[in-house]
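Analysis of the macromolecular model
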Amino acid sequence: MSEGEVRHMAEKRVLLGAHESIAGGVEKALERGLEVGCDTVQIFVKTPNRWASRALEERDIVAFKKAVDETRIWPVFAHSVYLINLATPDDTLWRKSVD
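Reading the values: rules and limits
Residues numbered from 1 in each chain as written. Predicted model: local features only at pLDDT ≥ 70, side-chain atom pairs only at ≥ 80, totals over all residues. Heavy atoms only, no water. Salt bridge = Lys/Arg side-chain N within 4 Å of Asp/Glu carboxyl O. Buried < 20%, exposed > 50% of the residue type's maximum accessible area, 1.4 Å probe, protein only. Pairing = 2+ DSSP bridges. Helix = DSSP H or I, 4+ residues; strand = E, 2+ residues; numbered from the N terminus. Axes fitted to C-alpha atoms, helices over the stretch in contact; angles between N-to-C directions. Contact = heavy atoms within 4.5 Å. Patch = residues over 30% accessible without salt bridge, like charges linked within 9 Å, V, L, I, M, F, W, Y side chains within 5 Å. Areas by Shrake-Rupley, 256 points an atom, 1.4 Å probe, with all protein chains shown as cover. Right-handed = clockwise from strand over helix to strand, strands pointing away. Expected span 1.5 Å × (residues − 1). Arc of directions from axis to C-beta.

1. What to know about the pattern of salt bridges
Scanning all chains against the criterion turns up five salt bridges. R54 serves as the salt-bridge partner of D60, at 3.2 Å between the closest nitrogen and oxygen. Here D60 falls in the buried class, since its relative accessible area comes to 12%. A salt bridge links E57 to R59; the nearest nitrogen and oxygen atoms lie 2.9 Å apart. For R59, a relative accessible area of 61% puts it in the exposed group.

2. Describing the sheet that holds strand β1 (residues 17-19)
As summarised here, the arrangement of the three strands in space is β1-β2-β3, forming an open sheet in which the pairing is parallel. Among the strands making up the open sheet, the edge pair consists of β1 and β3 (76-79). Strand-to-strand twist in this sheet, taken as the mean axis angle between neighbours without regard to direction, amounts to 20°. The pairing of β1 with strand β2 (residues 40-44) spans three bridges and is parallel. Within β2, the position partnered with H19 by the bridge is Q42. Where helix α2 (residues 26-35) meets the sheet, it contacts β2 and β3, and its direction lies at approximately 145° from that of β2.

3. As for a nonpolar patch on the surface
Taken together, the side chains of I84, L86, W94 and V98 present a nonpolar region at the surface, about 360 Å² in accessible area. Among the secondary structure elements, L86 is positioned in the loop between β3 and α4 (91-98).

4. Quick notes on the pairing of β3
In the case of a regular strand, side chains alternate between the two sheet surfaces. Relative to β3, β2 runs parallel, the two sharing four bridges. Considered in β3, the bridge of V41 is made with V76. Handedness of the crossover joining β2 and β3 through helix α3 (residues 58-71): right-handed.

5. Some remarks on the environment of E27
Tracing the backbone shows E27 in helix α2. Judged by its relative accessible area of 16%, E27 falls in the buried class. Once the C-alpha coordinates of E27 and F64 are considered, the two residues, 37 residues apart in sequence, prove to be 4.5 Å apart. With sequence-adjacent residues up to four places away left out, E27 is seen in contact with A63, F64 and A67.

6. A short note on α3
Helix length check: α3 (14 residues) gives 20 Å between terminal C-alpha atoms against 20 Å at 1.5 Å per residue, within 8%. Along α3, the positions that sit buried rather than exposed are D60, F64, A67, V68 and T71. Considered in projection along α3, the buried side chains sweep an arc of 100° and stay on one side of the axis. Exposed residues pointing more than 90 degrees away from the buried face of α3 are listed as E58, R59, K65, K66, D69 and E70. In this structure, the buried side of α3 is in contact with α2 and β3. Remark: R72 follows α3 within two positions and exhibits a positive phi of approximately 60°.

Taken by themselves, the reported measurements are silent on function.
Spelled out as structure tokens, the structure:
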């Protein structure tokens with residue numbers, strides 16, 4: 001490895017993260033991540049085995065942004081539902097997967 005490559009590796013920040021539950025509020029995922037030493041977290045954007053979900057309320061958004069500021073955990077990655085299947089021959093399922 002060249003000196004430049006070594007210097008680049010030393011300057012590069014490696015993030016440690018985990019998949020955290022949003023039970024109790026989306027901001028709780030960041031608090032849980034902080035408790036276990038995470039720099040980043042991944043969260044489900046909605047219930048993983050259902051197409052339908054409730055819309056985020058303003059208080060949820062405010063609490064999440066506050067938790068980001070307080071924990072300094074960033075980036076936060078979104079995990080989509082398990083139901084997506086782009087290879088399905090079923091037109092209805094394919095449309096839901098794309099939408």
